[in-house]
Each structure stands twice: as structure tokens, then as C-alpha cells.
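# Breakdown of the fold
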Amino acid sequence: MSSARPSRLFRNKSAKIAAIPMIVTALFVFVGGTVWTIVYSFTKSGLLPRLKWVGLDQYERLWSTRKWLVSIENLAIYGFCTLVLVFVIGFILAALIDQKIRFENTIRTVILYPYALSFVVTGLVWQWILNPEFGVQKIVRSWGWESFQFDPLYTADIAIYGVLIAGLWQGSGLVMVLMLAGLRGIDQDVWKAARIDGIPAWKTYLFIVIPMMRPVFITTLVLVVTGIVKIYDLIVAQTGGGPGIATEVPAKYVYDSMFRANNLGQGFAASTMMLLTVALIVIPWAILEFGGSRNRD
Amino acid sequence: MCAVLPPALSRVEIMSNSIEIKNLDLNFGSIEVLQNLNLDVGKGEFLVLLGSSGCGKSTLLNCIAGLLDVTAGQIHINNKNVTWAEPSERGIGMVFQSYALYPQMTVEGNLSFGLKNAKLPKAEIADRVKRAADILQIEPLLKRKPAALSGGQRQRVAIGRALVRDVDVFLFDEPLSNLDAKLRADLRVEIKRLHQKLENTMVYVTHDQIEAMTLADRIAIMRGGKIMQLGTPDEIYGLPMNKYVADFIGSPSMNFIDGSIQNGVFTAGDLAISLTGYEFTSGEAVDGGATLGIRPEHVITGELVSHSPYCIDVEVELIEPTGSDKLIDCQVAGHLFRVRMDGQAQVSVGEVLRLGIDPARASLFDAATEVRL
């Protein structure tokens with residue numbers, strides 16, 4: 001008996017025991033919670049969850065609510081602009097810092113510093129900066145440009161771009177630091193080889209260095225995208241969703257439905273839609289990224 | 001004054017210089033890396049810059065390539081002052097230790113990227129890539145990416161990238177250091193063949209003396225940003241101009257015995273070697289403190305000892321057989337002394353061995369300046 005090969009189940013016992021809390025959390029909280037949410041999104045739950053089926057009613061109502069449509073549109077604008085700009089700004093800053101400049105550490109810290117602030121602080125600070133009564137507009141006008149107008153947070157059409165500015169200010173630093181780490185990981189000889197080949201710096205970045213930094217880009221992309229999808233606190237602190245419903249976002253819609261409007265079913269339906277959207281993006285990408293490589297090896 | 005330029009001995013007759021370096025200085029902040037360095041490389045010459053790490057050999061190569069801005073002095077390539085020219089305009093190709101291939105491009109892409117960028121006609125690019133691939137035998141690899149190549153193949157592609165540039169000067173920055181011993185020996189021969197075939201100028205940086213000796217037309221041994229000796233491999237090996245070079249070249253390294261010269265006799269402890277047959281650089285014997293250097297392989301052993309000008313008896317302390325040779329450790333005048341014997345020689349530890357020393361094959365260095373006497 002003692003010579004028999006131990007069962008696979010009991011091998012590495014201590015490691016498996018140590019992993020149990022995390023496995024339980026993952027199963028019950030993440031998977032369980034998700035399934036529960038999806039199930040109750042088909043019910044007429046109000047203040048408390050109730051298993052009274054209403055089919056797709058919650059979804060029909062959701063997609064005919066203007067606030068939700070505005071939320072989706074805002075997230076699309078905010079997400080697309082953040083994604084593009086945060087990468088462009090972050091990469092350019094990193095490339096500039098990578099030129100063996102003086103006071104590199106100081107500058108890096110200054111640029112990364114906003115990331116150390118919570119979204120609530122960021123939101124408040126930018127609310128003040130963009131306030132026409134005492135922010136940027138007031139300062140420029142006091143310099144003598146009397147007709148200067150810059151009050152994005154008070155103009156419904158462009159209010160989301162006011163939030164975007166704050167989001168970029170907060171997020172660019174992190175992207176810069178990650179990109180800088182990626183740039184530092186590039187063999188200096190590659191740069192030398194490109195110089196001898198007579199390739200201009202921008203082309204070296206575009207065709208050689210950036211392709212080499214693919215893993216860094218993917219990590220950064222994941223971090224940035226998750227940050228975009230869950231955007232909530234910045235909105236609450238900076239605009240509260242206003243003016244009107246101009247800066248509503250899906251996460252805030254979910255929260256408002258569940259805890260303000262006492263309509264759990266509606267909140268569940270909205271969060272299920274968010275999950276579905278993320279899944280529609282992530283799953284094909286994951287198959288492309290990981291499924292393909294498994295076949296190749 | 002340590003940097004001693006060699007007498008114009010057996011140097012290959014050279015038509016004109018391909019690279020001329022004049023009074024080159026390079027400082028990093030307050031650190032002087034290269035000081036007043038002068039070096040001419042002839043057309044078609046294979047020059048090796050040899051030295052231990054930190055001696056400035058790679059720095060010098062980077063200066064020639066234009067990858068580092070010099071502090072003072074001039075660099076001429078093909079009789080054109082290129083001191084401030086861009087690397088791509090200097091007419092050079094360069095090969096790096098880490099290969100520095102562009103990993104996201106195929107081998108063909110690596111070879112042609114620089115040419116495409118220089119807006120060469122397509123047919124011309126295809127021609128050059130084909131020719132380089134022919135010479136280096138990498139046609140089957142053209143569609144592969146660097147990640148799918150072995151170290152030796154990658155380095156061949158890196159050489160190919162220099163080749164397609166169609167330039168007169170090739171710079172190699174320790175190209176073989178990342179390869180295993182066998183591959184290194186193979187590729188070394190290939191580089192030598194390539195040089196014979198292309199007949200262009202090559203400057204090659206290495207810390208490996210075997211590489212230097214086998215490849216070079218001339219070797220420049222560097223230390224602390226200065227050239228300690230510049231000469232053919234034979235000169236460097238046979239007539240080292242100072243103690244550093246003598247110690248650096250040869251493995252195992254040269255034996256040194258500190259003593260003094262008086263009236264043409266070198267004395268150290270109970271040693272008294274007549275220097276008849278030694279060719280002093282100044283033509284006549286010099287008196288004063290001196291160090292005698294003799295290579296382990298130049299110590300006479302066996303039957304020939306009876307014919308040698310000077311004999312000593314030593315006790316064998318340690319034997320290191322290497323197959324082809326046996327290395328014997330012993331003591332001479334209080335110094336560790338190593339002797340290379342034939343691999344078949346019969347010796348054992350504790351045995352007394354008679355050694356012969358021929359002053360004609362030895363080197364003498366001034367005790368204070370360490371310059372060859």
C-alpha cells in the first residue's frame with residue numbers, strides 16, 4: 001500500500017489547502033454572484049430580490065431608457081478617447097523621458113503622481129479647475145481675454161470630455177511608467193543597428209521598438225480597459241452624472257437603479273449587459289491570443 | 001609614456017588608409033575614456049582591438065561607427081572627415097554581440113529594411129539581399145523570423161545586414177561572444193574567409209586572444225583607453241613592447257622573474273643568466289632593475305636542455321595535463337614558474353626537473369617603466 005503511487009488528488013496537499021480560500025471565493029463570489037445576478041435580471045425584483053419572472057421585460061425597459069443609452073454612448077466616447085490618448089500621451093512621455101534627460105526621477109514622479117490620487121480627489125480637483133467661476137476660464141479672463149470660454153462641465157454636449165481630461169491626467173502617468181519600463185527593456189544594440197541602417201528615430205519606434213514591446217502593450221491595454229469599463233467614482237466626484245444626464249455611465253446606472261431607484265432587477269439587467277459587452281470583446285481576443293498559440297506549439 | 005608604437009617592422013605594405021583616427025579624446029563627464037588616441041587602419045586590413053573589459057575597445061569602435069560623439073580629435077574614413085557624420089553616412093556596416101536583429105521582421109526584412117529606407121530600387125535591394133544570402137548561405141532562412149534561428153544563424157544574418165550595405169568598412173563588436181565554443185571556432189573561420197573574399201577593411205573588437213591572433217592582420221592591445229601595442233600577431237606574441245602586453249597575450253601567461261641586469265647578466269636570487277643572444281631594443285645591454293619574462297612554451301625541457309645556454313633544476317609542484325600538453329608548476333627564484341611540456345613527457349610531483357632558458361626567446365622589461373629593454 002505504501003509503495004503505491006499516491007492519488008493525484010492528494011499530491012501537493014499543503015499547496016491545495018492554501019488555495020482553498022481563493023478557490024471558494026472565486027467560485028461563490030465571482031461565478032456564483034455572476035450567475036445569481038443574471039438569473040435575477042429576469043425577475044421583477046424591487047427593493048429586495050424576488051423570484052417573480054418577467055422574462056425580458058427588464059431588458060426591454062433598459063434599452064428604451066434614455067439614461068442608459070446616454071450612458072452607453074458616454075462610455076463609448078470616454079473609452080475610445082481614453083484608450084487612444086492615454087497610449088499616445090503615455091508613450092510619447094516615456095519616449096521623451098528615455099532620451100537620457102536630467103532629473104529623470106523627478107519628472108517621472110511628477111507625472112506618475114496623479115495616479116497615486118484616488119478618482120474622488122481627481123474628480124474634485126478637476127471640477128474646480130474646470131469651474132468657470134474660479135477655474136481656468138476665470139484665470140484666462142483675468143489676464144484680459146474677456147470672451148474666453150472654457151466650461152466643459154457646464155455644457156451638456158461636451159461635459160464627458162471634461163471628465164476625459166481628468167481621466168487622462170490621472171491615467172497617463174501609469175501608462176508612461178509601463179511604457180518606460182518596456183523601452184528600457186529594448187536592447188540598446190537594436191537602436192545602434194537602426195542608426196547604422198540610417199533609419200530615422202520615429203521609424204525605429206514605429207516599426208521596430210513598438211512591435212518589440214507587444215507584451216507591455218497588452219498588459220497596459222488590460223489595465224486601461226478595465227479602468228474604463230468600471231469608471232464610476234470619477235463621474236460621481238466630478239459631475240454626479242450631470243449636467244442633467246450628460247455624463248452618466250453604465251456603472252453609475254447600475255448603482256442608481258439598485259440602490260437609489262430600488263429597482264434591483266433593472267440594475268441586474270444593466271450589469272448583465274455590461275458583462276455581455278466585455279465578454280464579447282474579451283472572448284474572441286482570448287481565443288485569438290491564446291487558442292492560436294496552443295495549436296502552434 | 002606607456003603607449004609605444006611599434007617600429008615599422010614586418011608590416012604589410014599598405015596602399016592607403018581606410019580609417020584614420022587622429023588625436024581622439026572621449027570623455028564621459030569627467031572620466032577620460034580615450035586619450036589622445038591615434039590609429040590608422042589600412043585598406044583591406046583586418047585590425048583587432050583586443051583588451052580586457054573596460055579598456056575602451058568597444059568605446060573606440062562606437063566612436064568609429066559614430067554611435068558616440070567624440071570630445072576632441074578627428075576620424076577619417078576613406079579619406080573623408082566623418083567626425084560629425086551620421087553613422088549611416090560613414091560607409092560602415094556593424095555587427096553586434098547581441099546580434100541586434102529586428103525581431104518582428106523576417107530575415108529578408110532585416111536585410112532589406114535599411115535599404116528600403118534609403119529608397120533603393122526594388123531590383124537592387126533584391127540583388128543585394130540575394131548576394132548576401134549567397135555568401136553567408138542563409139537563403140533557406142530568408143522567410144524565417146530571428147526567434148526561429150539558432151545563435152550562429154542569427155549572427156550570420158547580422159553579418160548579412162552589414163553586407164547588404166555594400167560598404168568598405170566592417171565593424172565587429174565582440175560578434176562571437178554569445179556563441180558556444182564550437183560554434184565560435186566555426187564562425188571565426190567563416191569571418192576570416194569572408195574577409196579574404198571581400199577584401200574590405202574590418203575592425204574587430206574582442207577580449208578573446210585566440211580570436212585576435214587567428215583573425216588579425218594587426219592587433220591593437222588596449223588598456224585604460226590607450227593602445228599599449230599595435231602590431232602583427234607575431235610581433236605581439238614574440239616581441240611584446242611592455243609587460244602588460246606580455247602578460248596579456250599567451251595562455252598560460254608568461255612567467256616573470258624580478259631581478260636586475262649588471263654587465264649583461266640578469267640576476268635574481270641565485271639565478272645569474274647571461275644575456276648573450278638577447279636583442280636589446282636600444283642595441284646594447286642596459287644596467288638596472290629589470291623583469292625577465294619567458295613563456296611556458298619557450299622553456300626548454302627534455303633532451304634539448306643540455307644544449308641550452310642556461311640551466312636550472314627545479315622541483316615539480318603540480319602537474320596539469322591537458323592532453324596535448326602538460327603544464328608544470330614549480331618555483332624559480334621565489335616566483336611561481338610554469339613550464340609547458342609535451343603531453344607524453346613522463347614527470348611526477350616532487351621530481352627534480354632540469355630546465356633550460358634561452359635568453360634569445362625571453363623578454364626583458366624595465367622594472368620601473370615596464371617597457372621592453
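Conventions we followed
Residues numbered from 1 in each chain as written. Chains lettered and ligands numbered in written order. Predicted model: local features only at pLDDT ≥ 70, side-chain atom pairs only at ≥ 80, totals over all residues. Heavy atoms only, no water. Helix = DSSP H or I, 4+ residues; strand = E, 2+ residues; numbered from the N terminus. Rg over C-alpha atoms; globule rule 2.2 N^0.38 Å. Buried < 20%, exposed > 50% of the residue type's maximum accessible area, 1.4 Å probe, protein only. Contact = heavy atoms within 4.5 Å. Areas by Shrake-Rupley, 256 points an atom, 1.4 Å probe, with all protein chains shown as cover. Lys, Arg positive; Asp, Glu negative; His and termini not counted. Charge placed at Lys NZ, Arg CZ, Asp CG, Glu CD. Domains from an automatic or database assignment. Buried area = accessible area lost by both parts, 1.4 Å probe. Polar contact = N/O pair within 3.5 Å; in protein donor to acceptor, adjacent residues only side chain to side chain. Nonpolar A, V, L, I, M, F, W, Y, C, P; charged D, E, K, R; others polar. Salt bridge = Lys/Arg side-chain N within 4 Å of Asp/Glu carboxyl O. Expected span 1.5 Å × (residues − 1). Axes fitted to C-alpha atoms, helices over the stretch in contact; angles between N-to-C directions. Parallel < 35°, antiparallel > 145°, perpendicular 65-115°, else oblique. Left-handed = near helix turned anticlockwise from the far one by under 90°.

## A word on the overall build of chain A
- In terms of helices and strands, chain A carries 13 helices and zero strands.
- Element order for chain A, N to C, with α for helix and β for strand: α-α-α-α-α-α-α-α-α-α-α-α-α.
- The C-alpha radius of gyration computed for chain A amounts to 25 Å, which surpasses the reference 19 Å derived for 297 residues by more than 25%, pointing to a less compact arrangement than a globule.
- Referenced to the eigenvectors of the C-alpha coordinate spread, the extents of chain A come out at roughly 70 × 65 × 30 Å.
- When each of the 297 residues of chain A is scored for burial, the buried share is 37%.
- Taking contacts inside chain A between residues at least 6 apart in sequence as the whole, the part at least 24 apart equals 65%.
- When the accessible surface of chain A is totalled, it reaches about 17,600 Å², and 69% of it is carbon and sulfur.
- One finds the centroid of the 26 positive side-chain charges in chain A at a distance of 11 Å from the centroid of its 17 negative side-chain charges.

## Quick look at the domain arrangement of chain B
Residues and elements named next belong to chain B.
- Under the domain assignment, chain B is made up of domain 1 (17–247) and domain 2 (253–366).
- Summarising the inter-unit geometry, the C-alpha centres of domain 1 and domain 2 are found 39 Å apart.
- For the pairing of domain 1 and domain 2, the buried interface totals around 750 Å² over both sides, and the portion due to carbon and sulfur atoms is 58%.
- Summed over the three residues of domain 1 that lose the most area to domain 2, namely Y237, K243 and A246, the buried surface amounts to 65% of that side.
- Inspection of the domain 1/domain 2 interface yields two residue pairs in polar contact (both at pLDDT 80 or more).
- At the level of elements, α7 (233–238) and α8 (243–248) are the ones that each hand at least two residues to the side of domain 1 that touches domain 2.
- Looking at the side of domain 1 that touches domain 2 residue by residue, the classes come out as five nonpolar, two polar and two charged.

## Things to note about the pattern of salt bridges
Residue and element names in this part refer to chain B.
- As enumerated under the stated definition, the model contains 21 salt bridges over all chains in all.
- Between K22 and E20 there is a salt bridge whose closest N-O contact spans 3.4 Å.
- For E20, a relative accessible area of 16% translates into the label buried.
- Taking the shortest distance from any N to any O, the salt bridge between D186 and K182 comes out at 3.2 Å. Pair noted here: D186 and K182 are both in helix α5 (residues 181–198), with a separation of four residues, about one helical turn.
- The class for K182 is exposed, based on a relative accessible area of 59%.

## A short note on helix α4 (residues 151–163) of chain B
- Between its first and last C-alpha, α4 of chain B extends 18 Å over 13 residues, near the 18 Å set by a 1.5 Å rise per residue.
- Burial analysis of α4 of chain B places 10 of its 13 residues in the buried class, which makes it a mostly covered element.
- Taken residue by residue, α4 of chain B has G152, Q155, R156, V157, A158, I159, G160, R161, A162 and L163 of chain B as its buried positions.
- As for α4 of chain B, its buried residues are in contact with α8 (188–196) of chain A together with β6 (92–95), α2 (107–117), α3 (122–136), β7 (169–173) and α5 of chain B.

## Re the packing of helix α7 (residues 159–184) of chain A against helix α10 (residues 214–229) of chain A
Residue and element names in this part refer to chain A.
- Two elements in contact, α7 and α10, have axes separated by 10 Å at closest approach and are oriented at 165°. Our classification of the angle between α7 and α10 gives roughly antiparallel. In this structure, α7 crosses over α10, and the sense of that crossing is right-handed. Residues L174, V175, L178, M179 and G182 of α7 lie in contact with α10, whose contacting residues are V216, F217, T220, L223 and V224.
- Considering only residue class, the contact of α7 with α10 consists of eight nonpolar, two polar and no charged.

## Re unusual backbone geometry
All names here are of chain B.
- A cis geometry characterises the amide bond from S251 onward to P252, with omega recorded as 0°.
- Here P252 shows up in the loop between α8 and β11 (255–262).
- The backbone phi angle of N36 is positive, close to 40°, even though this residue is not glycine.
- Looking at the element boundaries, N36 is found in strand β2 (residues 31–42).
- Of note in this structure, N78 is not a glycine but carries a positive phi near 50°.
- Within the secondary structure, N78 sits in the loop between β4 (72–77) and β5 (80–81).

## Some points on the side chain of Q209 of chain B
Residues and elements named next belong to chain B.
- In this structure, Q209 sits in helix α6 (residues 209–215).
- Among the polar contacts made by the side chain of Q209, one reaches the main-chain carbonyl oxygen of F248 at a distance of 3.1 Å.
- From its side chain, Q209 meets the backbone nitrogen of G250 in a polar contact 2.6 Å long.
- Non-local contacts of Q209, meaning those with residues more than four positions away in its chain, are made with L50, F248, I249, G250 and S251.

## Re the interface of chain A and chain B
- Taken residue by residue, the interface counts 17 residues in chain A and 24 residues in chain B.
- Carbon and sulfur atoms make up 59% of the area that chain A and chain B hide from each other, which totals about 1,800 Å².
- Of all residues in chain A, the largest losses of buried area upon contact with chain B belong to R195, I196 and D197 of chain A, amounting jointly to 40% of the total for that side.
- For the pair chain A and chain B, the interface holds one salt bridge.
- For R165 of chain B, the salt bridge identified is with D197 of chain A, shortest N-O distance 3.9 Å.
- For the pair chain A and chain B, the interface holds eight residue pairs in polar contact (both at pLDDT 80 or more).
- Counting residues per element, the ones that place at least two in the side of chain A that touches chain B are α8 and α9 (201–212) of chain A.
- In terms of residues, the side of chain A that touches chain B owes the most to one element, α8 of chain A, which gives seven residues.
- Its residues assigned to classes, the side of chain A that touches chain B shows 10 nonpolar, one polar and six charged.

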